[in-house]
Amino acid sequence: MTNRRPFVAANWKMNGNLASIRPLLADILAGVQTGMNAEVVICPPYIYIDEIALRLDNTTIGLGAQNVSHHDSGAHTGEVAIGMLQDYNTGYVIIGHSERRMLYGETDGIVAEKFKKVVDSGLKPILCVGETLEQREADETEEVIARQLDTVIDNAGVKSFAKAVIAYEPVWAIGTGRTATPDQAQEVHAFIRLRLARHDEEIADLLRIVYGGSVKADNANELFTMADIDGGLIGGASLIAEDFLSICQAAI
Ligand code: 13P
């Protein structure tokens, strides 16, 4: 198996304000500077991108956005274009988070367009896939994940996964405190890698597939030791510096 560098990203979602994110980031920075094996990325709310970009300059932590428009510019009130992200040294963009798919009507097709836009611009997508509880209970997990992946592969091509990260985030585990067991997560991660390998074995082997959904300081270790789990996409626990740093430390 290829030695893939672990990847841990903080998805702060729509949380915090300047008064809370400044000390949070300072504490995370202080902890990460002591040395981490994992690549660490912070995805703040858009309005703080400028502030965080400045503070991350010349550090080992990368910057990510939580979303991007699939349009280049124009009459799209409230949206942010990929060219704007390029102004701020943004390395990564989360694409297709289940909250975007479910609350903001992003279809597999829109997610695929966004993925392609990110790759074409030279940024790196963190593509989220995952099934709902209903789908898992109906034994549709693999079918759902396959459809979410295939739409992107068909649209952007398998080579576009060379710099991407995939996040497996079962919807029923997000913000619920109900984590997938390491075996449950590993099974889906292996399925994702295999799906990519059908098109390109080398890309599949190098691809980092991270898990998201109630990852905490006390369960990160057992998840990250699984063969196909290469790190995590962290929501709630990334808002507490100590917890987030323990999770980063667990990714070795
Ligand atoms: P939680 O870690 O809060 O469950 O959120 C996971 C997530 O959605 C990260 O993108």
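Below is a short write-up of the structure. (Residues numbered from 1 in each chain as written. Predicted model: local features only at pLDDT ≥ 70, side-chain atom pairs only at ≥ 80, totals over all residues. Heavy atoms only, no water.)

**Side note on the site of the ligand**
The ligand sits among N11, K13, H97, E169, A173, I174, G175, G213, S214, L233, G235 and G236. Between G236 and the ligand, the recorded distance is 2.8 Å, taken from a backbone N or O atom to an oxygen atom. Summarising the interface, the protein chains cover 97% of the accessible area of the ligand, which totals 310 Å² for the free molecule. Among the residues making up the shell around the ligand, the classes are represented as 3 nonpolar, 7 polar and 2 charged. (Near = heavy atom within 4 Å. Polar contact = N/O pair within 3.5 Å; in protein donor to acceptor, adjacent residues only side chain to side chain. Areas by Shrake-Rupley, 256 points an atom, 1.4 Å probe, with all protein chains shown as cover. Nonpolar A, V, L, I, M, F, W, Y, C, P; charged D, E, K, R; others polar.)

**Re the sheet that holds strand β6 (residues 165-168)**
The strand order around the closed barrel built from 8 strands is β1-β2-β3-β4-β5-β6-β7-β8, with neighbouring strands paired in parallel fashion. Averaged over all neighbouring strand pairs, the angle between strand axes comes to 25°, with direction disregarded. Contacting β1 (7-11), β2 (39-43) and β8 (231-234), helix α11 (residues 241-250) runs over the sheet at an angle of about 160° to β1. (Pairing = 2+ DSSP bridges. Helix = DSSP H or I, 4+ residues; strand = E, 2+ residues; numbered from the N terminus. Axes fitted to C-alpha atoms, helices over the stretch in contact; angles between N-to-C directions. Contact = heavy atoms within 4.5 Å.)

**Some words on helix α5 (residues 108-120)**
End to end, α5 covers 18 Å across 13 residues, agreeing with the expected 18 Å (1.5 Å per residue, within 8%). For α5, every residue scored as buried is listed here: D108, V111, A112, K114, F115, K117 and V118. Of the surrounding secondary structure, the elements contacted by the buried residues of α5 are α3 (82-86), β4 (92-95), α4 (98-103), β5 (124-129) and α7 (141-156). (Expected span 1.5 Å × (residues − 1). Buried < 20%, exposed > 50% of the residue type's maximum accessible area, 1.4 Å probe, protein only.)

Structural measurements only, silent on function.
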